[in-house]
Amino acid sequence: MKHIKIKALAFALVFASTSAHAAVTVCLWQPGYNTPESCNTSLATNNTRIWQSNYTLEKSGQYALAVAGMDEVLRQIPTHEFALMRRAWLNYSQGRHNDALRDYNQVLALNPKALDARLGITLPLLAQQRWREAAVEANKVIAVSAWDYTAHVRLMICEEGEHKWETLTRHATELATRYPGDVTAQVYLARSAAWQNDIPSARFAYLKVLQHVPDHIEANAYLKKNP
Amino acid sequence: MKHTQPLAFAIAATLVCTTGYAAETDAWTIKTTPQASYAGFSNAATRDSIVSAGLYADMQYLDHGGITMGASHTTLKMKFGAPTLQQNALFLSGRKNFTPDALPGKLTVRADVHRATNNDVTNETNGVNVIAPQVGFMSFDKSYSLDLGYARSRYGNSNIGNGGLSVSQWTPTVGFGFNQGGDWLQVRVYDIHFSNALRAQNASRTDALEVKWTHYLVANGLTPEQIQVGALVGKRLYAVDGDSGALYNLADVQRGSASLGAQWKLAENTRLIAQGGVERYENSLATRYSANYVYAGISQQW
């Protein structure tokens, strides 16, 4: 009975949206229920166009227009997680960090398990140099996904921002062990050693950086200054 | 069943509490700084020495803001058997940070409260209450800072017929970072107005300029992580120092000062701060004297 009701609601909304708001197709379905066929069809047509144009606007740097597109989606479905995520990213991309924080927080309020929103919110926090809050969010991701690469990199940025050089050394060493093919951990390892005036360790790490990226500006500059 | 339910509840409650505690611990950063200072006076007509000891505790909540509390006891020993002055002072400061997108940095709004009581028989330095709001801005790249502070101080009514006293202080401040963040220069103006010249060594206002230069180093063994040189020119009386949370209610007119300080990293979360300097004063009889002081504090982040 419940299943039929949801289906009926979905159909009704699809019809309503195609007639009144052709730009946006509203399709509601619940986890555990089959997605209505018509809903799939509309997602593949109208919705695709919305997202397509949104990505095009983003690509051409027209963030305000892209945000307006997401505003329209959210006007009809205020709880559309992905539209909120998109708007958060677009707001962040145009330097509207507080708007981005609001959007990411809205996603997290809807879905506290959303790891991508948790990682996303670190971006405006880092841009505002709110190192501690960003570190808390990165740590929440690490708590459920122990070696999430992005979370660890964001956490290292926080440690650098707070000048926690010993912590950064330990952290970058661990990350370099887990991701031996990665250059970022080596860069942070080198930086933390350099800040602690540990020139041999910094040189060693920067030389490793050059193995990955031979024309790395920072590594070359340090090695030239500390031959 | 009835027995297991409370047990399950207790375990669940314990887990919730434990998780909550861990989160709170992460969110708050607590720093304590016990500190002490000593100053010996040279060429002073009445003053011998001043000793002060106190404890400051700072609690920072994430990047949102924080609270600082402090308490200190000061003993001012006088010459020729004059009674020693004993003072207790309390300090409370709250701050809130803002990061509006329109500004290229962090805005901090802060409000300090000072309270000092002592056994001054004239009551002129006793019963001091200060409220000091401040708004500050620090650019993200740490290349400059601006702040404007105000302090309104009320002193106790004189027991020797000199009336009441209130003091208004303005402290516009600019700071500059240079040498790729290796140095910081801070310049602060103290513009202080007195409601009662009789209580302010016949002055209605004093003006002073304070300059502090901080050089950051790579901490290594005995090498400190920062050294600071400071100087003050002009005249300053009944000042409120927002940086140190100090109240100059016991001092005569300050006519300049020079200081040298350093901060050593003892452990990842422990710092030793030491400072020494000389402050020149002039009392109501136009006698000039100086105070040579040393200060030490150990700051521990928990």
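For every chain, the first residue of the written sequence is number 1, and numbering continues from 1 onward in sequence order. By the order in which they are written, chains take letters starting at A while ligands take numbers starting at 1. Totals for whole chains, interfaces and linings use all residues, but because this is a predicted model, local features are given only for residues with pLDDT of at least 70 and pairs of side-chain atoms are given and counted only at 80 or more. Side-chain figures throughout are based on the complete set of non-hydrogen atoms in the structure, without hydrogens or water.

1. Quick word on the pattern of salt bridges
Residue and element names in this part refer to chain A. Note the threshold: Salt bridge, as applied in this entry: a Lys or Arg side-chain nitrogen positioned within 4 Å of an Asp or Glu carboxyl oxygen. Think of it this way: any DSSP run of H or I at least four residues long counts as a helix, any run of E at least two long counts as a strand, and we number them from the N terminus. Exposed residues in this analysis have more than 50% of their type's maximum accessible area, buried residues have under 20%, and partly exposed residues fall in between, with area computed by a 1.4 Å probe over protein chains only.
Under the defined criterion, the tally for this structure stands at 28 salt bridges over all chains. In this structure, the salt-bridge partner of glutamate 72 is arginine 75, at a minimum N-O distance of 3.1 Å. Taken together, the residues glutamate 72 and arginine 75, both in helix α3 (residues 63-76) and three residues apart, mark about one turn of the helix. Residue class for glutamate 72 comes out partly exposed when judged on its relative accessible area of 28%. Across the pair arginine 191 and glutamate 160 runs a salt bridge, and its minimum N-O distance is 3.0 Å. On the criterion of sequence distance, the pair formed by arginine 191 in helix α10 (residues 184-195) and glutamate 160 in helix α8 (residues 149-161) is long-range, its members being 31 residues apart. Via salt bridges that share partners, Asp71, Arg87, Arg96, Asp99, Arg102 and Asp103 belong to a single interconnected network.

2. What to know about the layout of surface pockets
All names here are of chain B. The following threshold applies: Cavities and pockets are defined on a 1 Å grid built over the protein atoms alone: a cavity is a set of grid points where a 1.4 Å probe fits but cannot escape, while a pocket is an open set with protein on both sides within 12 Å along at least five of seven lines, and lining residues are those with an atom within 4 Å of any such point. Grid points are joined across faces, edges and corners, and a volume is the space filled by probe spheres set on the points. Think of it as three bins: nonpolar holds Ala, Val, Leu, Ile, Met, Phe, Trp, Tyr, Cys and Pro, charged holds Asp, Glu, Lys and Arg, and polar takes everything else, Gly as well.
Here the second largest pocket defines a volume of roughly 790 Å³. Arg47, Asp120, Thr122, Thr125 and Asp252 are, among the 33 residues lining the second largest pocket, the residues nearest its centre. Here the lining of the second largest pocket is composed, by residue class, of 17 nonpolar, eleven polar and five charged.

3. Remarks on the interface of chain A and chain B
One frequently used descriptor of interface size is the decrease in accessible area upon assembly of the parts. To be explicit about the condition: When checking whether two residues touch, look at their non-hydrogen atoms; a contact exists if any pair is within 4.5 Å. Two parts placed together each lose some accessible area; with a 1.4 Å probe, that loss summed over both constitutes the buried area.
Taken residue by residue, the interface counts 20 residues in chain A and 15 residues in chain B. Here chain A meets chain B over a buried area of about 1500 Å², counting both sides, of which 40% is carbon and sulfur. The largest share of the area that chain A buries against chain B comes from Gln129(A), Arg132(A) and Glu133(A), three residues that together contribute 37% of it. Scanning the region where chain A abuts chain B turns up two salt bridges. For Glu268(B), the salt bridge is made with Arg170(A), and the minimal N-O distance between the two is 3.8 Å. Of all the secondary-structure elements, those providing two or more residues to the side of chain A that touches chain B are α5 (97-110), α7 (131-144) and α9 (165-178) of chain A. If you tally residues by element for the side of chain A that touches chain B, the top one is α7(A), at four residues.

4. Things to note about the side chain of Glu124(B)
All names here are of chain B. The cut-off we apply is this: In the analysis that follows, any N or O atom pair within 3.5 Å is treated as a polar contact, provided that within protein one partner can donate a hydrogen and the other can accept it, and provided that, for residues neighboring in sequence, both atoms belong to side chains.
Mapped onto the elements of the fold, glutamate 124 is located in the loop between β5 (105-118) and β6 (128-139). The buried category is assigned to glutamate 124, whose relative accessible area is 13%. Looking at glutamate 124, its side chain comes within polar contact range of the side chain of serine 158, at 2.7 Å. Among all residues touching glutamate 124, those that are not within four sequence positions of it are Tyr155, Gly156, Ser158, Ile160, Asn162 and Arg199.

5. Some remarks on unusual backbone geometry
Look at Gln129(A): it is not a glycine, yet its phi comes out positive at around 55°. Positionally, Gln129(A) belongs in the loop between α6 (115-127) and α7. Taking relative accessible area as the criterion, Gln129(A) reaches 17% and is therefore assigned buried. The backbone of Gln180(B) sits at a positive phi, close to 55°, despite the residue not being glycine. Its place among the elements puts Gln180(B) in the loop between β8 (165-178) and β9 (183-194).

6. Remarks on the confidence of the model for chain A
Using the following cut-off: How sure the predictor is of each residue is captured by pLDDT, a score from 0 to 100.
Within chain A, residue pLDDT values average 84, and 80% of them lie at 70 or more. Model confidence for chain A, summarised as mean pLDDT per element, is weakest for helix α1 (residues 2-20) of chain A at 39 and strongest for α6(A) at 98.

7. Describing the packing of aromatic side chains
Note the cut-off: Here is the rule: rings of Phe, Tyr and Trp (six-membered ring for Trp) pair when centre to centre is within 6.5 Å. Planes less than 30 degrees apart are stacked, more than 60 are edge-to-face, and the remainder are tilted. Comment: the charge-over-ring label is applied if NZ (Lys) or CZ (Arg) is within 6 Å of the ring centre and within 35 degrees of the ring normal.
One pass over the full model with this rule turns up 13 aromatic pairs over all chains. Pairing Trp89(A) with Tyr92(A) gives two aromatic rings, centres 5.7 Å apart and planes at 40°, and the pair type is tilted. You can see Trp89(A) and its partner Tyr92(A) sitting in helix α4 (residues 81-93), three residues apart, about one turn around the helix. Between Phe41(B) and Tyr289(B) the ring centres are 5.8 Å apart and the planes differ by 65°, which places this aromatic pair in the edge-to-face class. Note that Phe41(B) is positioned in strand β1 (residues 28-42) and Tyr289(B) in strand β16 (residues 288-301), a separation of 248 residues in sequence. Comparing Phe41(B) with Tyr289(B) shows no difference in burial state: the two are buried. Each residue in the set Phe41(B), Tyr281(B) and Tyr289(B) is aromatic and connected to the rest through ring pairs, giving one cluster. Positioned above the aromatic ring of Tyr248(B) is the side chain of Arg236(B), whose terminal nitrogen or guanidinium carbon lies 4.6 Å from the ring centre.

8. Notes on empty space enclosed by the protein
Unfilled space is identified by rolling a water-sized probe across the atoms. Residue and element names in this part refer to chain B. A full pass over the atoms with the stated rule returns two cavities of 30 Å³ or more. Of the voids in this model, the largest cavity is the one considered here, and its volume is about 110 Å³. Every residue lining the largest cavity is counted, 14 residues in all, and those nearest its centre are Ala132, Gln134, Gly149, Thr171 and Gly242. Among the secondary structure elements, those contributing two or more residues to the lining of the largest cavity are β5, β6, β7 (144-155), β8 and β9.

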